[in-house]
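Geometric and topological summary
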Amino acid sequence: MRSVESNIYNKENIKVREGKKRKDPEKVTGIIFVIPLMIFITVFTFFPAIYSFVISLFHYDPFFHSIYFVGISNYVNVVKDPAFLIALINVLIYTAVVVTIQTFLAFGYALLFNTASRISRIARAIVFIPAVVSPVSMSIIFIWVFSNTGLVNYILSFFGIPPHNWLFSTRYAFPAIMAMNIFTTAPYFMIVYSAGLQSIPQEVMDAAKIDGLKSGLRRFRYIYFPLMRFSTILVVILGLTGAMQLFDQIYVITDGGPARATYVPLMYIYNRTFVYIGDIGLAAAASFVLFVIILVLTITQRKVITERRW
Amino acid sequence: MFKSGRIKKNINVGEAAKTYLIYAISIILAIVYLVPFYWTVIKAFRNSIFANFPPNMDPLSQTSISYFITNLRTVWGFGDFPLWYFNSVFVSICVVAGSVFVGMLAGYAFARLRFPGRDYLFYAVLATLMIPFPVISIASYVFMLDLNWLSTYQGLILPQIASALDVFIMRQYFLTIPEEVELAAKIDGMRPWQIFFRVSAPMAKPAIAAATIFSFIGSWNNFLWPLMEVHSLNMFTLPLVLNFFKGANGTQIYWNQMMTVNILTMIPTIVIFIVFEKYFISGISMNYYR
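Each residue is numbered by its place in its chain's sequence as written, counting from 1. For this description, chains carry letters from A and ligands carry numbers from 1, given in the order in which they are written. A pLDDT threshold of at least 70 governs which residues receive local features in this predicted model, and a stricter bar of 80 or more applies before side-chain atom pairs are shown or counted, although totals over entire chains, interfaces and linings include all residues. Excluding hydrogens and water, the side-chain values take into account all heavy atoms of the structure.

1. Thoughts on the overall build of chain B
Convention followed: Each helix corresponds to a stretch of at least 4 residues labelled H or I by DSSP, and each strand to a stretch of at least 2 residues labelled E; elements are numbered beginning at the N terminus. Each residue is assigned to one of three classes by its accessible area relative to the maximum for its type, calculated with a 1.4 Å probe on protein chains only: buried under 20%, partly exposed between the two thresholds, exposed over 50%. Residues are treated as being in contact if the distance between any of their heavy atoms lies within 4.5 Å. Only the protein chains shown count as covering a residue, and every accessible area follows the Shrake-Rupley method with a 1.4 Å probe. The charge count includes Lys and Arg as positive and Asp and Glu as negative, but it does not include His or the ends of the chains. To locate a charge, take atom NZ for lysine, CZ for arginine, CG for aspartate or CD for glutamate.
Scanning chain B for helices and strands turns up 14 helices and 0 strands. Oriented by its inertia axes, the alpha-carbon framework of chain B measures out at about 70 × 70 × 35 Å. Split into buried and exposed, the 290 residues of chain B put 54% on the buried side. Taking the contacts inside chain B whose residues are at least 6 apart along the sequence as the reference set, 72% of them involve residues at least 24 apart. Approximately 12,300 Å² of chain B is accessible, and the part contributed by carbon and sulfur atoms is 67%. Where the 19 positive side-chain charges of chain B centre and where its 12 negative ones centre are 7 Å apart.

Here it is in C-alpha cells:
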C-alpha cells in the first residue's frame, strides 16, 4: 500500500495568501472533512464492537429489563453449548471447502477470460451476474435448483440417477449450499484475479517465451504463481472472512436444519437473540468468540501466505 | 480496463485452435451461469404455481406475456408491495448518498490534506475492516433498541453509512489526480475546501460511480441488518419480502409469483451492473491493488 505521504501543501516555497499568523486553513478543512466519517465509524462500528463485549459480560434480557453482571459465565456457557460447537465445526468445514475450491475456480475463470475478445468480455459479464444479485434471490433460485423437481435432479436423470431431495437430507444439504456459494462467489473473486493478471506486464510474458517457458504448466509455475501471490492473499482472506459469516443463505434455505446439519454461528447468534428470547448476553458472547476466531484466522492466513516461498 | 494483448495478430494453427477452445469453454460456462436465471424468467411467464418434473425449459411452451402481467398484478397487490419497494429504494438511495459523500470528504482529506493525527485516523479506518458488521450486529441491534429506533428509516440507514470501502476508493482516486491541477487553484488563492468542491470533486466522477455502485448493491442486497432491525411489516425491504413471500403459502412456494418477486428484486442491481460494468470492475481493482 502506498503511504499517506503525498501532499502538495507542505512545500515551503509556496506562500499561502492567508499569511503565517492565521490558522492553517488546510488543517481546519482536513479535520472538518474527516469528522463525519469519524462520527459514523465511532458510533456505528467501534461503539457496537465494545458494546457487544460489555453486553457479553451481563445477563441481559431487554424485554423484561433484567440486567445483571455475570462475568465470563456467558463465555463458559457458549463454549460448552453443543449447538454452538456444532455450528462452529460446520462453519469451519464449510470455510475450508468453499475457500479452497472457489480460489482455484476464480483463478481458472480469470485465466480463461484473460483475452481481449468480445466473446470473453460478454461471457465474463454473464458469469459475474450472481455476484451482484442478492444472496436471498440466489437462495430462492437454488431452492428450486436443488428441490426434488429441480435442475440438479433433471441433469442427473439423464445419467439414470434417481431424484433426491437434496436440501432435506442431513447428508447433502450442507454440500448443496457449499456448491451454491462456490457458484456465486467464485465469479466475484475472479475479478480480483483478473485485475491482478492485467497488472502483469507484457514484457514479462515475452521474456518468458524467449526463455523457453512455452508449456502452460511451467509458465503457470514460474510466472503466474509468484506474481499472483498478492491476489491470492486477498482472495483467501476475503473469502475466509466472508465464509465465516455465512448466514443469509442458511436462514432462507434451511434455517439451520435438517437436524442442525447446516447450523452456523450466525444462525446460533440470531436464534439466541430472536427465537429463544431471553439472553442477549449469551448471543453477544458467541459473536465475540466468532469475531476473535475470524481475526486469528485472518492474521495467521496472511502470515502463512506471505512467508511461504513458492 | 481489460484490454490485454494476449492474442497476437499472426497466429498459427495451433494458437487458433487454442483460441477457439477458450471461446468454447467461455460460452459453455456462460450458459451454465445463465440457466438458473433463464428458468427464473420463463417461470415468471407461466401460469402454473408448481415446479414440475422434468422442468419445462422450452421458452415458448405454456408461457405468455399475459401470464406475466397477471403475476405482476398479483405480486404488486400482495401485502404492501409498493410500499416495500419504496422502502428498498429509499433506504438504498440514502445509504448511497450518505456513504459516498462522507467517503468522498474523508478520502480527499486522507489523500491531499495535511492535518494533525491524519495517519492515526487512517489506521482507525483500516481497523474497521477487521470488524465485520455481522459480528457486531447484536450490539447494533441492542443499541437501536436503546435508542428506540427499531423499525425506523434512520435505524435502517445510519449503521450502513460507515463504509471504509468508499473511503479507500475515493482516497485512491484522489491520489491519482495530478497535484499540479490543485497547485494552480491554490496559487489562484482558492481555499482547500473551494479546491475540493470546484476542482477535485468534479474530477472524481469514475470513483464516485464505483463507490455508488458498491454501496447501492451492498445496501439493496442487505438482509441480516433489516432482518434484525425491522420488526413491523410496513418497514420491510425487498430481501425480507422475498423471504416472507417464500413462506406466505405454507410449504408450497408459488413458483411463478415467487420468481416474479425475484425478478423485481434483481432487476435494479443487474441493470446497474450492465450499465456501469467498467466502473464496477475498475472499482474492485482500485480497492485491492492500492
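Let's pick the thread back up.
2. Some thoughts on the interface of chain B and chain A
Threshold: When two parts are brought into contact, each loses some accessible area as probed by a 1.4 Å sphere; the total of that loss over both is the buried area. By salt bridge we mean one thing: a side-chain nitrogen of Lys or Arg within 4 Å of a carboxyl oxygen of Asp or Glu. Counting of polar contacts relies on pairs of N or O atoms within 3.5 Å, with two restrictions inside protein: one atom must be capable of donating a hydrogen and the other of accepting it, and residues adjacent in sequence are counted only when both atoms are side-chain atoms. Nonpolar residues are Ala, Val, Leu, Ile, Met, Phe, Trp, Tyr, Cys and Pro. Charged residues are Asp, Glu, Lys and Arg, and all others, Gly as well, are polar.
On the side of chain A, 116 residues touch chain B, which itself brings 114 residues to the contact. A buried area of about 10,700 Å², summed over both sides, lies between chain B and chain A, and 74% of it is on carbon and sulfur atoms. Our count for the contact surface shared by chain B and chain A stands at 1 salt bridge. Across the salt bridge formed by glutamate 277 of chain B and arginine 121 of chain A, the nearest N and O atoms sit 3.3 Å from each other. Our enumeration of links across chain B and chain A arrives at 11 residue pairs in polar contact (both at pLDDT 80 or more). With 15 residues, the single largest contributor to the side of chain B that touches chain A is helix 1 (residues 13-44) of chain B. Looking at the side of chain B that touches chain A residue by residue, the classes come out as 81 nonpolar, 16 polar and 17 charged.

3. Some thoughts on the confidence of the model for chain A
All names here are of chain A. Quick note on the threshold: pLDDT expresses, on a scale from 0 to 100, how confident the predictor is about each individual residue.
Considering every residue of chain A, the mean pLDDT works out to 85; 87% of them sit at 70 or more. The secondary-structure element of chain A with the lowest mean pLDDT is helix 9 (residues 216-227), recorded at 71, while helix 5 (residues 135-145) shows the highest, at 95. The low-confidence segment residues 1-9, where pLDDT is below 50, has 37 contacts with residues more than four positions distant or belonging to other chains. Across residues 11-21 the pLDDT falls below 50, and counting only partners more than four positions away or on other chains, this stretch makes 8 contacts in the model.

4. Some words on unusual backbone geometry
Residue and element names in this part refer to chain B. Of the consecutive residues phenylalanine 53 and proline 54, the connecting peptide bond is found in the cis state with omega at -5°. Summarising the element assignment, proline 54 is placed in the loop between helix 1 and helix 2 (65-76). Despite not being glycine, glutamine 62 shows a phi value in the positive range, around 60°. Relative to the helices and strands, glutamine 62 is located in the loop between helix 1 and helix 2. Under the relative-accessibility criterion, glutamine 62 is labelled exposed at 54%. For asparagine 148, which is not glycine, the phi torsion reads 60° and is therefore positive. Residue placement: asparagine 148 occurs in the loop between helix 5 (133-147) and helix 6 (153-157).

5. Thoughts on the confidence of the model for chain B
Summing up the model confidence of chain B, the mean pLDDT is 88 and the portion of residues at 70 or higher is 93%. Scored below 50 in pLDDT, residues 1-5 of chain B makes 16 contacts in the model with residues more than four places away or belonging to other chains.

6. Re helix 8 (residues 179-187) of chain B
The condition is simple: For this quantity, the arc is that covered by the directions from the helix axis to the C-beta atoms.
All of the buried residues along helix 8 of chain B are Glu182, Ala185 and Lys186 of chain B. What you see down the axis of helix 8 of chain B is that its buried residues fit within an arc of 105°, all on one side. Residues of helix 8 of chain B that are exposed and point over 90 degrees away from its buried face: Glu180 and Ile187 of chain B. Turning to helix 8 of chain B, the residues buried within the fold contact helix 1 (25-56) of chain A together with helix 3 (81-112) and helix 9 (192-203) of chain B. Where helix 8 of chain B terminates, the next one or two residues include glycine 189 of chain B, which has phi positive at roughly 95°.

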